[in-house]
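So you can see what is in the structure, the chains are spelled out below.
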Amino acid sequence: MNISVIGSGYVGLVTGACFADVGNTVLCLDVDERKIALLNSGGIPIHEPGLDTLVARNAAAGRLLFSTSYDDAVAHADVIFLAVGTPPDEDGSADLQYILAAARSIGQRITRPVIVVDKSTVPVGTGDKVRDAIAGELAKRGAEVQFDVVSNPEFLKEGAALEDFTRPDRIIVGSDNPAALKQMRLLYAPFSRQHEKFIEMDVRSAELTKYAANAMLATRISFMNELANLAELLGADIESVRLGMGKDPRIGPQFLYAGMGYGGSCFPKDVKALIRTGADHDQPLRILQATEDVNERQKNVLFDKLVRHYGSAGALHGKTIALWGLAFKPNTDDMREAPSLVLIRALFAAGCKVRAYDPVASAEAERLLLAEHGQARCADLLFLAASAKEAAAGADALVLVTEWKEFRSPDFRYLAEQLRDKAVFDGRNIYDLEAVSAAGLSYEGIGRINHAVHP
Ligand code: UDX
């Protein structure tokens, strides 16, 4: 099939490259000329494992094209995916200006039947708005062209997006037209054939399914974070509790990890948007509101532990804290809503210096921190190290922020020599309490039995 993807961000690029790889001809459009120029010269604007090779292979084969031209994108396609951003408005609701602008651009140009597929995460009812926008433009031109609007939400995890796309748990497609559903089923057949993954429903249910899934996962995380904070006070270990709970098949083991709170481009935004939708319909979503409140508090949990460890916020003044990891999760350079930013803000405010290392997100973190704190303050307070060891060297304490693989088995004796206050704070519970303590380091995780030796 001939496919166009509007929006060459994270979702659009992964979608385009994966469909090209199974033999479709895909044109990826973006209005950002620099991004398209980069892609056309063989570069990739984001870090996602395997995506560079996949894009290069399909671009070389002539199956993956990049353009800034709507004329080209619309002329090319039987199926057009909308994968543009839906950032939160000031009131938390999703901002639909980009998606509706894309719909109008399509309506201004189509001359033959087309399926328009909404892949962006959008509030329930957006499918109707996209349909109206396209129909409105057709009416202005006095043109009559058959088109369908289909909802097909994405469930891609950053860092595992190619795997999620090519071996999905499920493919959700919402439409009221059997012919459009049939074409979508054909398109996804290469990823669905072995086990039936394709679930058909109406457009509104498909739109709500995406929010429901992300809201449930976010709620599990906040639930575990709240329980972890209680476990600490009770002298229980949340890691044992997690294992014990997760073995119940009704609960399952995933997304039960206590930590520094969820971040990223999806959970925070989608939770806010669904809360807003509930409020708009006079149906307040109380559990989800609590999920969000707990998450905001959890982003401060490590700073609070540092304050308790040193006795007061004042006692932190002048300390140098090493941070391992800055990205909101491993295998990505994405810093959106990253808990590390909240921690660094608090550390700077307390008069601490930060020595940070992240395998890929340092440049993006530096850009954001410079914009927020200014050149002079960053020059004084922030050092971005080239390795985990360099970050730890000469610091007073270490905080593990993102659970990158390379941080999993550190040389604790080296850390004990380097860290002046011999203190390790583990924001992801990846270290073995005994191993850390055996090296003479104090250890604090999230919701774990406290082995700290306070100074
Ligand atoms: C998420 C969804 O998983 C994906 O299906 C959707 O399409 C987009 O949003 P992503 O944001 O890439 O994907 O990351 P994910 O792996 O889900 O993690 C989100 C956040 O939750 C991260 O900050 C992570 O550290 C945190 N998390 C995750 C926990 O704190 N505990 C857990 O047990 C799992």
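Residues numbered from 1 in each chain as written. Predicted model: local features only at pLDDT ≥ 70, side-chain atom pairs only at ≥ 80, totals over all residues.

**Student:** Would you take a moment to explain helix H5 (residues 97-107) for this structure?
**Tutor:** Think of an α-helix as 3.6 residues a turn; residues three or four steps apart then line up on the same face. Listing the buried residues of H5 in full gives Ile99, Ala102, Ala103, Ser105, Ile106 and Gly107. Structurally, H5 contributes buried residues whose contacts are with strand S1 (2-6), helix H4 (70-76), strand S4 (79-82), strand S5 (114-118) and helix H6 (126-141). (Buried ≥ 20, exposed ≤ 12 C-beta atoms within 10 Å, placed from the backbone. Helix = DSSP H or I, 4+ residues; strand = E, 2+ residues; numbered from the N terminus. Contact = placed C-beta atoms within 7 Å.)

**Student:** It is not clear to me how unusual backbone geometry should be interpreted in this structure. Could you clarify?
**Tutor:** Most peptide bonds adopt trans geometry, and most residues besides glycine take a negative phi value. In the Ramachandran plot, asparagine 331 falls in the positive-phi region, its phi being about 65 degrees despite a non-glycine side chain. Here asparagine 331 is to be found in the loop between strand S9 (320-324) and helix H14 (339-349).

**Student:** Please clarify how the domain arrangement of the chain should be interpreted in this entry.
**Tutor:** As a measure of interface size, the accessible area lost when the parts come together is often cited. When the domains of the chain are assigned, the result is domain 1 (2-200), domain 2 (211-295) and domain 3 (299-444). Spacing between the C-alpha centres of domain 2 and domain 3 amounts to 24 Å. Domain 2 puts 10 residues into the contact, and the matching count from domain 3 is 14 residues. Residues belonging to the side of domain 2 that touches domain 3 are distributed by class as follows: three nonpolar, six polar and one charged. (Domains from an automatic or database assignment. Nonpolar A, V, L, I, M, F, W, Y, C, P; charged D, E, K, R; others polar.)

**Student:** Teacher, can you tell me more about the confidence of the model for the chain here?
**Tutor:** As a note on interpretation, predicted positions should not be read in detail where pLDDT is low. Mean pLDDT for the chain: 95, with 98% of residues reaching 70 or above. Model confidence for the complex is summarised by a pTM of 0.92, with the ipTM given as 0.95. (pLDDT = per-residue confidence, 0-100.)

**Student:** Looking at this model, I keep getting lost on helix H11 (residues 267-280). Mind explaining?
**Tutor:** Helix length check: H11, at 14 residues, gives a terminal C-alpha distance of 20 Å against a target of 20 Å (1.5 Å per residue), a fit within 8%. Among the residues of H11, those classed as buried are Phe267, Pro268, Lys269, Asp270, Val271, Ala273, Leu274 and Ile275. On its buried face, H11 is in contact with helix H9 (203-234) and helix H12 (286-298). Aspartate 282, located one to two residues past H11, shows a positive phi value of around 55 degrees. (Expected span 1.5 Å × (residues − 1).)

**Student:** How do you make sense of the UniProt feature "active site" (unreviewed entry) in the chain when you look at a structure like this?
**Tutor:** UniProt records the feature "active site" (unreviewed entry) at Cys266, using the numbering of this structure. Tracing the backbone shows cysteine 266 in the loop between helix H10 (238-246) and H11. (UniProt positions renumbered as here; feature names shortened; annotations may be inferred.)

**Student:** Would you mind showing me how to read the packing of H9 against H10 here?
**Tutor:** Angle between the axes and distance between the axes are the two parameters that describe a pair of packed helices. Their axes nearest at 9 Å, the elements H9 and H10 cross at an angle of 135 degrees. One element, H9, and the other, H10, form an angle in the oblique class. Residue-level inspection shows Met224, Leu227, Ala228 and Ala231 of H9 in contact with H10, the latter providing Ile238, Val241 and Arg242. Along the lines of polarity and charge, the residues of the contact of H9 with H10 split into six nonpolar, no polar and one charged. (Axes fitted to C-alpha atoms, helices over the stretch in contact; angles between N-to-C directions. Parallel < 35°, antiparallel > 145°, perpendicular 65-115°, else oblique.)

**Student:** Any chance you could explain the site of the ligand here in plain terms?
**Tutor:** Around the ligand, a shell composed of 19 residues is seen, among which Glu158, Tyr257, Tyr262, Gly264 and Cys266 lie nearest. For the shell around the ligand, the leading source of residues is H9, giving three residues. Residue composition of the shell around the ligand, by class: 11 nonpolar, four polar and four charged. Split by domain, the residues of the shell around the ligand number at least three in each of domain 1 (2-200) and domain 2 (211-295). (Near = placed C-beta within 6 Å.)

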